[in-house]
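Overview (structure and organization)
As a plain string of letters, each chain reads:
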Amino acid sequence: MLPPDSPLLSAAPVFDDADRAWMARALELAAHARDAEGEVPVGAVLVLDGAMVGEGWNRNITLNDPTAHAEIQALRAAGQALSNYRFPGATLYVTLEPCAMCAMAMVHARVARVVFGATDPKTGAAGSVFDTLVSPRHNHRVAVAGGLQAEAAGDMLRAFFRARR
Ligand SMILES: [Zn+2]
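Read on for an overview of the structure.

Rules used in this analysis
Residues numbered from 1 in each chain as written. Predicted model: local features only at pLDDT ≥ 70, side-chain atom pairs only at ≥ 80, totals over all residues. Heavy atoms only, no water. Axes fitted to C-alpha atoms, helices over the stretch in contact; angles between N-to-C directions. Helix = DSSP H or I, 4+ residues; strand = E, 2+ residues; numbered from the N terminus. Parallel < 35°, antiparallel > 145°, perpendicular 65-115°, else oblique. Contact = heavy atoms within 4.5 Å. Nonpolar A, V, L, I, M, F, W, Y, C, P; charged D, E, K, R; others polar. Core = buried A, V, L, I, M, F, W, Y, C linked by side-chain atoms within 4.5 Å. Buried < 20%, exposed > 50% of the residue type's maximum accessible area, 1.4 Å probe, protein only. Donors = N, O, S within 2.8 Å, 3.2 Å for Na, K, Ca; no water. Pairing = 2+ DSSP bridges. Expected span 1.5 Å × (residues − 1). Polar contact = N/O pair within 3.5 Å; in protein donor to acceptor, adjacent residues only side chain to side chain.

At their nearest, the axes of helix α2 (residues 17-37) and helix α6 (residues 150-164) sit 10 Å apart, and the two run at 10 degrees to each other. By the angle between their axes, α2 is roughly parallel relative to α6. Along the contact surface, α2 presents Leu-27, Ala-30, Ala-31 and Arg-34, while α6 presents Ala-152, Ala-153, Met-156 and Phe-160. In the contact of α2 with α6, the residues fall into 7 nonpolar, no polar and 1 charged.

What follows is the structure, given as structure tokens:
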């Protein structure tokens, strides 16, 4: 066990009730993707000043669009809602670790913080496979915290792919 003053322990993400509530909403959207459209269950919510400004879920098949990941959908919805393309101060909640495409979109959008659920050992770009979201080379830094309700998000994905085999 790590000593209580270990820097590794203090670096562990800290989540509050609002984080948990927004991630619960993202999980609902993930279930919606699966149930309503047969899409891979990933959901995302963009929150600014305590309010939802954009929601999204995977819609690649439905829209015939390789870029229609949950995060992109949430960013696009927020852009329309706010008539802006940058969201400084916003937090993006997503049930799965973002891919490189979505990570870069978040950097372009000046999102302040990303909270994700399950890690993605195949395409994750918050450190699992690529470091896109956490690279110090960007001119904009995004705070990243992973692992919130990771089990629920991961279970949903595993069950989805198991059922399709
Ligand atoms: Zn993505």
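After that view of the structure, there is still more to cover.
Counting residues in hydrophobic clusters, the biggest one holds 36 residues, and the most contacted among them are Leu-46, Leu-75, Leu-92, Met-106, Val-111 and Val-114. Contributions of two or more residues to this core are made by α2, β1 (43-48), α4 (70-82), β3 (91-96), α5 (100-108), β4 (113-118) and α6. With residues up to four places along the chain from it excluded, the contact list for Leu-75 reads Leu-46, Phe-87, Leu-92, Ala-105, Met-106, Ala-109 and Val-111. Among the nonpolar cores identified, the runner-up in size contains 13 residues, and Leu-29, Val-45, Val-115 and Leu-148 belong to it.

With that settled, consider the coordination of the zinc ion. Coordination sphere of the zinc ion, protein contribution only: His-69 (ND1), Cys-99 (SG) and Cys-102 (SG), at 2.0 to 2.4 Å. Spacing between the donor residues of the zinc ion along the chain follows H-x29-C-x2-C. With His-69 in the loop between α3 (60-63) and α4 and Cys-102 in helix α5, this residue pair connects regions lying 33 residues apart in the sequence. Of the residues examined, Cys-102 reaches a relative accessible area of 0% and is grouped as buried.

Bringing the pairing of β4 into the picture now. Counting buried positions along β4 yields 5 of 6 residues, so the element is predominantly enclosed. Pairing geometry for β3 and β4, over 5 bridges, is parallel. Directly across from Leu-96, in β4, lies its bridge partner Ala-118. Summarising the sheet, β4 and strand β5 (residues 143-146) pair through 4 bridges and their orientation is parallel. The residue bridging Val-114 from the neighbouring strand is Val-144, located in β5.

Another aspect to go through is α2. When the terminal C-alpha atoms of α2 are compared, their 30 Å separation across 21 residues agrees well with the 30 Å that a helix rising 1.5 Å per residue should span. When α2 is considered as a whole, its buried residues turn out to be Asp-19, Trp-22, Met-23, Ala-26, Leu-27, Leu-29, Ala-30, Ala-31 and Ala-33. Buried residues belonging to α2 abut β1, β2 (51-57), β3, β4 and α6. With a side-chain oxygen lying 3.1 Å from the backbone nitrogen of Ala-18, the N-terminal cap of α2 falls on Asp-16. Backbone geometry just downstream of α2 places Gly-38 in the positive-phi region, at approximately 65 degrees.

Okay, the sheet that holds β3 next. Pairing is mixed across the open sheet formed by 5 strands, whose spatial order is β2-β1-β3-β4-β5. The two strands at the open ends of the sheet, each matched to only one other strand, are β2 and β5. Taken over all neighbouring pairs, the strand axes of this sheet differ in orientation by 15 degrees on average, direction set aside. Pairing analysis gives 6 bridges linking β1 to β2, with the strands arranged antiparallel. Following the sheet pairing, Leu-46 is matched in β2 by Gly-54.

In short, the description is geometric, and any link to function would need to be established separately.
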